[in-house]
Amino acid sequence: MNDTADHPLLEIVPRSDQGATDDLGQSARILVVDDDPAIQRTIASYLQQHDMQAVTASGQQEVIEQFARCEPDLVVLELRLGQEDGLDLLRQIRARSDIPVIIATGHRCDEIDRVVGLELGADDYVTKPFGLRELLARVRAVLRGREAGRGREAGRNAPQRDQARGRCRFGGWQLDRRSRRLTDPEGNPVPLTKGEYALLLAFLEAPQRPLTREHLLQATRVHEDIFDRSIDVQILRLRRRLEPDPNAPRVIQTERGVGYVFALPVEQMSSTENPWPCCPVLP
């Protein structure tokens, strides 16, 4: 007997309606985190039917075990995990890895969970009940964004782009693009998530110029179906890193009707210039 076909939190798509698969994700390993065994089996089986590897976990300990065996390429994370908090688990994942995470919320009214999840570094979300076809599309979109990001990174590492990958300075802040090290005006290191770093890089490449949300989305995610407002969440997170008062931003300013502008001038520094007075550049 199939105990998953009528699960109220999932919308099952008949096999004949699923459409042809493409090559994307055939080697991807997807970790499905949910405390409901029926949902675990349904999602895992559907992903496997589309040539993805799918493993499951019910909570923190099993997630740790799965990461120890082999880090997945993407995590589908339910935020309501019985006695455990999915947001806490998301924090732990982000503390050790930048792998993509799609969060799932159980109620359409849980907007605060979705917003907090995105602020903590989730790449996308689905709301139950969701269709398995929609979940598959979002998994593929996130994986495409990750592959595109790797391609851009490889391009930046080309010899002709070495100068662009050097150090830059703005308003007392310094960013070393080679090491991805950001320091504040006092010289303290400031950690950035993958999304925050990509967004800051997009601004530094076009300082004091208005940039549209669409441009920033393409520069940071390259998701075909990501919501336009999600860039506002990323902006908020980056402002909290850079601004003394994020509610009165002076570094990243809103350009009404257009998008955002990085208000500070950016100084490109030569690769041999030492930004740390107490640490000479070694020969």
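Look up: the structure comes first, before these words.
Residues numbered from 1 in each chain as written. Predicted model: local features only at pLDDT ≥ 70, side-chain atom pairs only at ≥ 80, totals over all residues. Heavy atoms only, no water.

Caption draft 1: Just unusual backbone geometry, in detail. Cis geometry marks the peptide bond from lysine 128 to proline 129; its omega dihedral reads 0 degrees. If you trace the backbone, proline 129 turns up in the loop between strand 8 (124-127) and strand 9 (130-131). Phi at aspartate 51 is positive, roughly 65 degrees, even though this residue is not glycine. By relative accessible area, which is 36% here, aspartate 51 ends up partly exposed. Here the phi dihedral of glutamine 208 falls at roughly 60 degrees; this positive angle occurs in a residue that is not glycine. (Helix = DSSP H or I, 4+ residues; strand = E, 2+ residues; numbered from the N terminus. Buried < 20%, exposed > 50% of the residue type's maximum accessible area, 1.4 Å probe, protein only.)

Caption draft 2: Region of interest: helix 2 (residues 60-69). Looking at helix 2, one finds that the buried residues are Val63, Gln66 and Phe67. Seen from one end, helix 2 has its buried residues packed into an arc of 100 degrees, which puts them on one side. Facing away from the buried side of helix 2, by more than 90 degrees, are the exposed residues Gln61, Ala68 and Arg69. Structurally, helix 2 contributes buried residues whose contacts are with strand 2 (29-33), strand 3 (53-57), strand 4 (74-78) and helix 3 (86-96). (Arc of directions from axis to C-beta. Contact = heavy atoms within 4.5 Å.)

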